[in-house]
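# Observations on chain architecture
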Amino acid sequence: MDSTSPKRVKRYRREDPKSSDEEDDYEPYVPVRERKKQKLKQILKISQDDDESGGVSGHEKDGETKEEDVQEMARKNNISLLDQHTELKKIAEARKESELEKQRREEKRLLEAVAEKRALMGVSELARGVQYEDPVVTAWNPPKRVLAMDNKRHERVRRKYKIMVEGEDVPPPLKSFADMKFPRCVIKALQKKGIEKPSPIQMQGIPATLKGRDMIGIAFTGSGKSMVFILPIVMFCLEQEKKIPFMNNEGPYGLIIVPSRELAKQIKDNIDELCKFVEADGFPELRTCLAIGGEPVVTALQTIRKGVHIMVCTPGRLIDMLNKKMVRLDVCRYLVMDEADRMIDMGFEEDVRTIYSYFKAQRQTLLFSATMPKKIQNFARSALVKPVTVNVGRAGAASMQVIQEVEYVKQEAKVTHILTCLNKTSPPVLIFAEKKQDVDLIQEYLLLKGVTAAAIHGGKDQEERSAAVQAFQRGDKDVLVATDVASKGLDFPGIQHVINYDMPDDIENYVHRIGRTGRSGQQGVATTFINKANDESVLLDLKHLLIEAKQKVPPFLTMAGGGEEDLDTLEANGGDERGCSYCGGLGHRITSCPRLEAMQNKQAAGIGRKDYLAANAADY
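Presented here is an overview of the structure given in this document.

Here is what the cut-offs are and how they apply
Residues numbered from 1 in each chain as written. Predicted model: local features only at pLDDT ≥ 70, side-chain atom pairs only at ≥ 80, totals over all residues. Heavy atoms only, no water. Buried < 20%, exposed > 50% of the residue type's maximum accessible area, 1.4 Å probe, protein only. Helix = DSSP H or I, 4+ residues; strand = E, 2+ residues; numbered from the N terminus. Pairing = 2+ DSSP bridges. Axes fitted to C-alpha atoms, helices over the stretch in contact; angles between N-to-C directions. Contact = heavy atoms within 4.5 Å. Parallel < 35°, antiparallel > 145°, perpendicular 65-115°, else oblique. Nonpolar A, V, L, I, M, F, W, Y, C, P; charged D, E, K, R; others polar. Polar contact = N/O pair within 3.5 Å; in protein donor to acceptor, adjacent residues only side chain to side chain.

The next subject is the pairing of strand β14 (residues 524-530). Within β14, seven of the seven residues are buried, which leaves it mostly tucked inside the rest of the structure. Residues Gly-524, Ala-526, Thr-528 and Ile-530 line one face of β14 and the alternating positions Val-525, Thr-527 and Phe-529 line the opposite face, and both faces are buried. Taken together, the seven bridges between strand β9 (residues 402-408) and β14 define a ladder with parallel strand orientation. When the bridges of β14 are listed, Ile-403 appears paired with Val-525. Here four bridges tie strand β13 (residues 497-500) to β14, and the two strands are oriented parallel to one another. In the strand pairing of β14, Val-498 is matched with Ala-526.

So, about the sheet that holds β14. A sheet is described by the order of its strands in space; here six strands give the open sequence β9-β14-β13-β10-β12-β11, paired in parallel fashion. The sheet is open, and its two borders are formed by β9 and β11 (453-456), each paired with just one other strand. Pairs of neighbouring strands in the sheet enclose a mean axial angle of 20°, with direction left out of account. Across the sheet, helix α18 (residues 436-448) touches β10 (429-432), β11 and β12 (479-482), and the angle it forms with β11 is around 170°. Running over the sheet, helix α19 (residues 462-474) touches β10, β11 and β12 and is turned about 140° from β11.

Contact geometry of helix α20 (residues 507-514) with helix α21 (residues 536-548) gives a least axis separation of 10 Å together with a crossing angle of 45°. By the criterion of interaxial angle, the relationship of α20 to α21 is oblique. Contacts from Ile-507, Tyr-510 and Val-511 in α20 reach Val-538, Asp-541, Leu-542 and Leu-545 in α21. Split into classes, the residues belonging to the contact of α20 with α21 amount to six nonpolar, no polar and one charged.

All of the buried residues in helix α13 (residues 315-323) are Pro-315, Arg-317, Leu-318, Ile-319, Met-321 and Leu-322. Directly beyond the C-terminal end of α13, a positive phi value near 60° is found at Lys-325.

Our focus in this paragraph is unusual backbone geometry. In this structure, the amide linkage connecting Gly-251 to the following residue, Pro-252, adopts the cis form with an omega of 5°. The omega torsion of the bond from Pro-427 to Pro-428 falls at 5°, within 30 degrees of zero and hence cis. Among the secondary structure elements, Pro-428 is positioned in the loop between α17 (414-422) and β10. Unlike most non-glycine residues, Lys-550 shows phi in positive territory, near 55°. Considering the arrangement of structural elements, one finds Lys-550 in the loop between α21 and α22 (555-558). The class of Lys-550 is exposed, set by a relative accessible area of 59%.

Before going further, it helps to spend a moment on the environment of Arg-287. Tracing the backbone through its elements, the reader meets Arg-287 in the loop between α11 (261-280) and β4 (288-291). When near neighbours in sequence (up to four residues on either side) are disregarded, Arg-287 contacts Phe-246, Thr-303, Lys-306, Gly-307, Val-308, His-309 and Ile-310. Of note is the side chain of Arg-287, whose polar atom sits 3.4 Å from the backbone oxygen of Lys-306.

Shown next, in the form of structure tokens:
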């Protein structure tokens, strides 16, 4: 190497003065505001941990002291009141949500505890382990053009008419009686009654029934539920009679069970009227028999001996005739329970099981009511085979066609105030009272004031009751005064006004009462007297019912339960979360249900089964 050449200098990579460890220790800058918020969260977390570990004291004083301590610590750390409020609000909302979840769990536990565990089936079927898997097969099918339509069309129709359905393979809704394939004579009979097209419950309920499906039908009062089971039962009986005529002592093919005598008579009259049109058109004669308390058994037996197609009855008289072997259910394939919640609820399950045990084969079962809480629906499904639930409106909701007016009237002024209320509308008017003696008192007072009035209650014999109802229906009497025997299912045409002399103890009875007006699309008025004697729980239910129906809530009712509820708040709960899942009342939850409490008290006292029509036991 040449000595004159420059000397090479060896170069080394210069290391970064900061090591990797030092980088890890780097802490980013946190603004003062954020540091204060974090400090506040730590303080609140410590406070919460103390509550959970030491148990939250039930004393208000302890709670106030703890809150003051938190505020003092926040002040020492110079945390603003706005930040304190924001964090405390978040914690309160989280705590509120957890309380709601806890309440729901408690309500679910309560409902499971009171739910009937035994299936609603006949004793013999339960003993033999009989379980039907498929619905009854019928020859009816919807029109081909309707079957060709897609499900979107069916859903549009249901949404339009506010029809809610549950179940497998639900038949499509039909918007005309012609599509349901009824003969011309049946359509003519309906037109004579002023029925031109099906109501929402009929659009979906009749196709499901004609198809042979078991069904739970729920719709507001006056919506035409009766025709959902009357029309199919007449068609089924005609089909059976044409194939093989009924012999002596054979039948019934269809059985309709109702809770009161008046409702039974009304349904039989509707069937007889329809059968006259059918027979006049050349179809076979159909025989219908009525079996109710207060009517001679001989009349029913005369029809049964000829061979009966349809039997309409109250449960007590039916059980009596079955026990005495006056009637058999060997060929019965069609069972209807109208106002079913009243017959299933309050310990009547054993009587229903007794009736079920007389059936010899599978039957189509239909349950109908305007008020049917979830507890009853779930229980009823145990007796049904792949049931279809058709619901038009909320179960237990009042008809939107009724203007509900609530007036505060002192106890001693109620009788005289009736005359003022009678001036609101023209007759006919229906007045309801809880006690039999009040019914007699009101009738006597009205007669003295020159008002033509009739009266019915459980203390009168059947002849008097029938005469009173007929006189009112004919228009001979302007006013009918009644207990709740007239509140279930009865259809008095043209009722303008219903007056509740006293608010019933059960909100379901209120819904049934006011449902006697505003029927078949007509407008009606319902006036209810309340005062301090009424229980606060039923007033709360009434208030929420008025809010739901967008009715005016009077000031004295607004204060019930601690202030007015917002409709949006009521609807925000939605679906199954609304009200009591045991009795369906909107003003309370199952945890404070007076009806459930009364039932549990009676069971504990060993009093035994409460009659589902306690005031009207004679109806059996």
